[in-house]
Structures are given as C-alpha cells and as structure tokens.
Amino acid sequence: GGVSSFGYAGTIAHAVIGGLVASTSSFAPGPSPPQGPPSYRRRAFVWRAEEHPLLRSRLPPSGGRVAFRSPVAGPLRALVADHVVNGRVMMPGAAYLEMARAARCMLRRGRASGAAELGAVAFLRPLVLDAEGGASLAVEVSLDQDDSGFEVRGGEPPAGAAAAAALEAGSLHCAGRAEATREPVACAAAELDAARRRCGTPLDVAALYAEFSSAGIAYGPLYRPVTAAALGEAEVVGTIRPARRGRRGVQCHPSELDAALHLGSSLSGVGAPGAPRLPTGLD
C-alpha cells in the first residue's frame, strides 16, 4: 500500500508499505502469518548539502581573497557554548581549525567536506562570544585564492550596503595556512598501538578537568570528551567520546579536536589557579 502527497510548493512525498512473505516450509499454504509489529524509523533526505554552521554566507571576492561569514547567534554559538573560560563563552581554537579546513575545501572543491592540511597556525587573541553587543557579532574566515593563507576575524559586520565588506576593522584572532588534500592523513593502527605501549602512566581524567576548572576553564559536558588517557615521557594517548549534539554540517566537531589540546596540556601542566594556559599555535 502507498500514500502520495503532491505539495503546491513542489514538494512530493511518497510512503510505501509492503508485507513480508514467509520463506520457510513450516507454514501451510495461504496468507503469510504476521511477522511482528511494523518498525518505523524517522529519516531526513536532504536535497542539498548540509549548511556548515561556521560558513553561513560567502562574501564577494575582493583583492584576491574570498571570505565566509557566520553570525555568532544561532548554530555557531550552539556549537561552542560549552567552551567557557573565566565565566565567558570563548571561541575554541579548534573551531578556527575546522573553519579553515571547511573554507579551503569549499573554495577548492565547491563543498565543505574533505581533507585539508593545516600548518603554521597562530592563535593570536581570544574571541569572547558573549561580549557586549554580542547579538550582532560575526566570525569570518578569509582565504587567499592563490596560496594557502587564511585569517579568522571577529567583530560587527558593516551596516547597510557595506555588509558584504570583510571585517577589516575586526580583531585578527587566528592565522595560518590551509591547503586541501586528496586524502586525510591516517594514523596506522601499529603506530597507535606502539604509542599506547610507550604511554604507561594512567592519567586521571577527572583530575585533569578539575585542574582546568581551578584555572578558570570551566568546560561544559560537550567539551569534556576525554574518557581515558595515559602519559609517556613526551607524549600522551587518549580516548574521546564523539560529539552527538550540534554535529549537523560539521565534519570535525570542535569539541573532538579540542580534546587533543586538553591531552596535550597534560604534558606541560595546565597552570596555576587563576592563570589559564591556552594554546598559542600549532605547527
């Protein structure tokens, strides 16, 4: 049996239900016996690529650069709301990395999915997302069309006809290089097993996050993804819980990438209370 719906706006939907036919020989000829209650599963079939929450709009090219802008209010804020430093919601450095990766892939391939190699990344100054006037704040990533450079700025977009202009007046928060690649760099299972053998000292994850809290970095549940970790002489290996919330359109959730920074901080210490240690860059 089936039901069809033809919408005036052009949306057409079909639902088709079919019966199961028994294939065993233990039943006498005739109608098939019931096979249990029907099972239903809600699914969405998108007609276009999922919009990336960090690349909400593309600005016109200017001076050999292309920029993508996202308002802080809405999906972007939901993505990072659990990243709290000294009582303020702060843009995690990991979100800049995902933003640069997605923007470079969008520029090179026309879609935000795909692999990219990032390097020489500098986190220049924090971007507070709940500052005064935060309702109109936006975050923008601009890329060179001819090379791999990128910059991330934050601020209030120009008003009126100048709204398509880049956030030149906004503070520069992150810069580096990002280049789209054919395949992601995978860590071989043998390499990971060897790292686990070298890291023989268990790390108390609860104590790690308690130390973060005492230093003013009060991560919410989404940004506490590390479930187990162990230390070696100059390396750390850990296990994280994949993010479920706010994943639509995001290839690498910032909370998952941020977990690597959490683990890395355990090698040098988080810092004394009242003096949070934040990453300054990534090679």
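Keep in mind that this is a model prediction, so the values were computed, not measured.

### Digging into the overall build of the protein chain
- Along the backbone of the protein chain there are five helices and 14 strands.
- Restricting to contacts in the protein chain with at least 6 residues of sequence separation, those with at least 24 account for 65%.
- Looking at the protein chain as shown, the accessible area adds up to about 16,400 Å², and 56% of this sits on carbon and sulfur atoms.

### Things to note about the nonpolar core
- Formed by 49 residues in total, the largest nonpolar core has its most connected members in Met-91 and Phe-150.
- For this core, the leading source of residues is helix H2 (residues 93–109), giving eight residues.
- Leaving out residues up to four positions away in the same chain, Phe-150 has contacts with Arg-65, Ala-100, Val-121, Val-141, Ser-142, Leu-143, Cys-174, Ala-175, Gly-176, Arg-177 and Ala-178.

### So, the pattern of salt bridges
- Summed over all chains, the structure comprises 10 salt bridges.
- The partner of Arg-56 in a salt bridge is Glu-51, with the nearest N and O atoms 2.9 Å apart.
- The partner of Glu-117 in a salt bridge is Arg-177, with the nearest N and O atoms 3.5 Å apart. Placement of Glu-117 in strand S7 (residues 115–123) and of Arg-177 in strand S10 (residues 171–181) is noted, with a sequence separation of 60 residues between them.
- Under the relative-accessibility criterion, Arg-177 is labelled partly exposed at 32%.

About the thresholds
Residues numbered from 1 in each chain as written. Predicted model: local features only at pLDDT ≥ 70, side-chain atom pairs only at ≥ 80, totals over all residues. Heavy atoms only, no water. Helix = DSSP H or I, 4+ residues; strand = E, 2+ residues; numbered from the N terminus. Contact = heavy atoms within 4.5 Å. Areas by Shrake-Rupley, 256 points an atom, 1.4 Å probe, with all protein chains shown as cover. Core = buried A, V, L, I, M, F, W, Y, C linked by side-chain atoms within 4.5 Å. Buried < 20%, exposed > 50% of the residue type's maximum accessible area, 1.4 Å probe, protein only. Salt bridge = Lys/Arg side-chain N within 4 Å of Asp/Glu carboxyl O.

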